[in-house]
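So you can see what is in the structure, the chains are spelled out below.
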Amino acid sequence: MKLKEIERTAVQAWSPANNHPIYLATGTSAQQLDASFSTNANLEIFEVDFRDPSLDMKQKGALPASNRFHKLMWGNFGNGSAEPSGVLVGGGDNGVLTMYSVQRILTSKGDPVIGQTEKHSGPVRALDFNPFQSNLLASGANDSEIFIWDLNNFSVPMTPGTKSQPHEDISVVSWNRQVQHILSSAHPSGKAVVWDLRKNEPIIKVSDHSNRMHCSGMAWHPEVATQLVLSSEDDRLPVIQIWDLRFATSPLSQLEGHTRGVLAVSWCQADPELLLSSAKDNRILCWNPSMGEVVYELPIRSQWCFDVQWCPRNPSVFSAATFDGWINVYSVMGGNLEAQQRTQADKISSSFNNLDPFGTGQSLPPLQVPEQVTQTTLIPPLKKPPKWIRRPVGVSFAFGGKLITFGHTKAPGQQMQQTYPHQVFISQVTTETEFLLRSKELQMALQSGNLLDYCQGKIQTAKLPVDENLWNFLKVNLEQDSRTKLLKLLGYNTDGLISQALLLGNFEGAVELCMRAERFADAIILAIAGGDKLLKETQKRYFAKQKTNLSVQNWQDIVCMCDLQSWKEALAILLTYSKHEDYTQLCDMLGARLESEGDAALSNDACLCYISSGNVERLVECWVKNHETSSPLALQDLIEKVMVLSRSIEMLRGIAGPAPGPVLAERITQYANLLASQGCLAAAMNYLPSSSKELLIEQLRDRLFHAQGESVGNQQPPPFPYTRVNVGVIKPTAAKGGSTLEGAAHKAGPRHPEKVGPKLRCLWLGKREEGYWVVLGESTCSSLSCSFCINSAGFFSCQYHQLPGESIEKKELPPEHQALKTTFEGLVQRCSAVATDPKTRRKLEDALQRLECLYEKLREQALSPAILMGLHEIARCIEAKNYPQGLLVHTQVVSSSSFSEVSGFMPILKVLMTIAGKLNV
């Protein structure tokens, strides 16, 4: 897309890359005349302001010149000192070489000509500044003359060596972009000479053997020191040859796209994969030299373009000078010329004040741009992003604490056809070391079941009395006879008071002391030991003091009306006298009063009530109101308490607690996210309850599943880790009432027989401190195994009752899916026949059981069409023994499916295909 234009019959030079703003210098071109046939010469400097939407460029400096120019170069010499904007050097007729001060041209102060020489014997057509030493300038003219100028002493030049034979014009000189003492020169005959200035001699000559190469341009590769390009002006061979000096017998490759001779080439210093060329076919092409393809083309113009140059500071921009007297600035990023055409038309119209210029007084009609014009003004951008847009390095964080980095590496001197290797590095970032240490300690305690020692450690390291009290309560909940031990924590040692009363022999006195001290729970306990009469008197005094006529059994009213400062006494009464089925609700009511009516200190006491009742959700709600949980360690404090309390409830009730509510779900999700961010994906998954319907938990569970892949299938899903065990079975006896087994549980894998045999009724019994048994749970199981969640430290009993046998008939697989079962089970059999490793054989034995999950979903038609299509494609791959393709299809199915749909069977399919590939079956 055209950005700027200026009408000048001139050669051009861009300001160096470190100059700002961007300038374009023009010098009246030698051997060309404009329409006025003027023989004057000018040197001008224009500012190229891309912020200005117009095509015009502002002239910032101008100077009449004594000679017209064949070549113009802008160098950094003196930049930052005497010549802050650098110098311009122009090559003219009769061997004239002139050096100008850019700063003096821009400011119009002083004589801008700071050096001039006429050492050359003919027109100076070739110039180039050394990219490493800005004071070195190479120039070329007739008779194979090449001079090296030191701009600090512009009077005496050096030569790179003896003139090449036969003598001919120098069309181009160019310094190597990687090695500062290497210079090359090109001749119209097609020969190029490479000079080593350290030796003052040519080191290699390259030429085309077709004798049709008329060299018009030359450029070194910006990064590969041994490669250069030569362009041919001959219409019989309109090509660009790429040479590598290590193989200088023939061109490395040849770019063929122009239909007539190539006039100029320019290699982008910011991206070696962009090479500009202009030719006598009126086309300007941008090549990718390594691929030999055209990546950008400007619309065909009406005139030849004799010079193209990339802008050093803005690499997406280049300029083109044409024989019809225009210099245009273009962008290779594409665009639409319609807007520019409209802007130009509006500009012309506004100059006439929207009136007819011939004085008719009529407004100019709107300009109608022909439709076919708008269709041809769309210019596509480069076919791929240029190097300066592509990130050389990059970094991004990914889910699970993964840090993804990439960068480009290349070996020096590699050939152009070789693509640069792209390396992507994936690393695990860990930032919360202490948090991970504490989380690991919690996981180990939960997995081992050794929570009493864990709680004791927390008690010993507690820094605040509040934390010590909480952990004491949590520890007691894990122990036998917990209600009696909770009384001790509240300061009521029942055994101590009774012993003291017995020693004194005065129950009445002990009760009186307790009543005066308002230790009502102790008074009632002592009164019980003193007999019915003392008990009734004590009860009467208590209720008189409370000014109420409540019955001793109306514990709910006591909780609602007691003084909150006496909450310990109220809790002690509940621990001592309330029924087991009422205790939880009463503790929650007491906690709610402390939380809503009390201060911050009483809110902490409310947490103790919720721990006593086993209400995890209310504990979390109360805790987050008065404690910060945003930091990792603060959140860890809360989760530790939640997990221990949850485990204690499971041990007491024999079953997992209820699904977490919104507040607990939010904190669990926050905690699992934090674990995942530190790379602990499996641990994070363990904390997410599979039974929860909370959206946050479901979303994170699904994300963790896909992040881990199939490994998640082998993990334990429950949010509050517990031990799933199986109880040994005693065969039913002929005695009425069945038989009873009492003892410890042992681990065994659950079994799923297709035919369910005699039923067993299992009662799980827990021993209360009062000395009698209560039923904690009940289940009906097969005679083969019984799976239940219990405390290994508690008591249990299984009562087996012979029930009539029952046969359950399964549905047949749909006929269209029968092939899946045949293929998958056939693969298991083939692998089992050759597998010798015990671990592999165990996996294969487990495979048949896991595939039952798939068959059940097929029977119930519970799978989506996409998953079914993927399964049949996997089966076809297995039949063809194309296991790599099967694994690819497997990955596609898993990545596009939800956790609940595929977690039961997809992991084992991957295991099967992996084993089959290793066994080559």
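Cut-offs and rules
Residues numbered from 1 in each chain as written. Predicted model: local features only at pLDDT ≥ 70, side-chain atom pairs only at ≥ 80, totals over all residues. Heavy atoms only, no water. Helix = DSSP H or I, 4+ residues; strand = E, 2+ residues; numbered from the N terminus. Polar contact = N/O pair within 3.5 Å; in protein donor to acceptor, adjacent residues only side chain to side chain. Contact = heavy atoms within 4.5 Å. Axes fitted to C-alpha atoms, helices over the stretch in contact; angles between N-to-C directions. Parallel < 35°, antiparallel > 145°, perpendicular 65-115°, else oblique. Nonpolar A, V, L, I, M, F, W, Y, C, P; charged D, E, K, R; others polar. 1 Å grid on protein atoms, 1.4 Å probe; cavity = no way out; pocket = protein on both sides within 12 Å on 5 of 7 lines; lining within 4 Å. Points joined across faces, edges and corners; volume = space filled by probe spheres on them. Salt bridge = Lys/Arg side-chain N within 4 Å of Asp/Glu carboxyl O. Buried < 20%, exposed > 50% of the residue type's maximum accessible area, 1.4 Å probe, protein only.

Student: What's the story with the side chain of Thr-98 in this structure? I'm lost.
Tutor: Relative to the helices and strands, Thr-98 resides in strand β8 (residues 97-101). A polar side-chain atom of Thr-98 sits 2.8 Å from a polar atom in the side chain of Gln-116. Those residues in contact with Thr-98 that lie beyond four places of it in its chain are Leu-88, Val-89, Gly-90, Val-113, Gly-115 and Gln-116.

Student: When you look at unusual backbone geometry in this model, what are you seeing that I'm missing?
Tutor: With glycine set apart, most residues show a phi of negative sign, and most peptide bonds adopt trans. Omega for the bond connecting His-20 with Pro-21 falls within 30 degrees of zero, at 0°, which places this linkage in the cis form. Along the chain, the position of Pro-21 falls in the loop between β2 (10-14) and β3 (23-28). Of note, the amide linkage connecting Gln-165 to Pro-166 takes the cis form, showing an omega dihedral of -10°. Structurally, the position occupied by Pro-166 is in the loop between β13 (153-158) and β14 (172-175). Phi angles above zero are rare outside glycine, and Ser-108 is one such case at about 60°.

Student: Before we go on, may I ask you to explain the packing of helix α10 (residues 520-530) against helix α11 (residues 532-545) in this structure?
Tutor: When two helices pack together, you describe them by how their axes are tilted relative to each other and by the distance separating the axes. Two elements in contact, α10 and α11, have axes whose closest approach is 7 Å; the angle formed by their N-to-C orientations is 160°. When the axes of α10 and α11 are compared, the pair comes out roughly antiparallel. Of α11, the residues touching α10 (which contributes Phe-520, Ala-523, Ile-524, Leu-526, Ala-527, Ile-528 and Gly-530) are Leu-534, Leu-535, Thr-538, Tyr-542 and Lys-545. Here the contact of α10 with α11 is composed, by residue class, of 9 nonpolar, 2 polar and 1 charged.

Student: Explain empty space enclosed by the protein to me, please; I cannot follow it from the model alone.
Tutor: Empty space among the atoms becomes visible once a probe the size of a water molecule is rolled across them. Across all of its chains, the model carries 4 cavities of 30 Å³ or more by this definition. Space inside the largest cavity adds up to approximately 60 Å³. Of the residues contributing to the lining of the largest cavity, the split by class is 5 nonpolar, 1 polar and 5 charged. As a volume, the second largest cavity reaches approximately 40 Å³. Contributing to the lining of the second largest cavity are Ser-66, Asn-67, Arg-68, Phe-69, Gly-90, Gly-92, Val-96, Thr-98, Tyr-100 and Gln-116. Looking at side-chain class alone, the lining of the second largest cavity contains 3 nonpolar, 6 polar and 1 charged residues.

Student: Where do I start with the pattern of salt bridges in this structure?
Tutor: In a structure, side chains of opposite charge can pair up when their charged atoms sit close to one another. In the structure shown here, the tally under the stated rule is 30 salt bridges. A salt bridge links Arg-283 to Asp-281; the shortest N-O distance between them is 3.7 Å. Considered together, Arg-283 and Asp-281 belong to a single accessibility category, that of buried residues.

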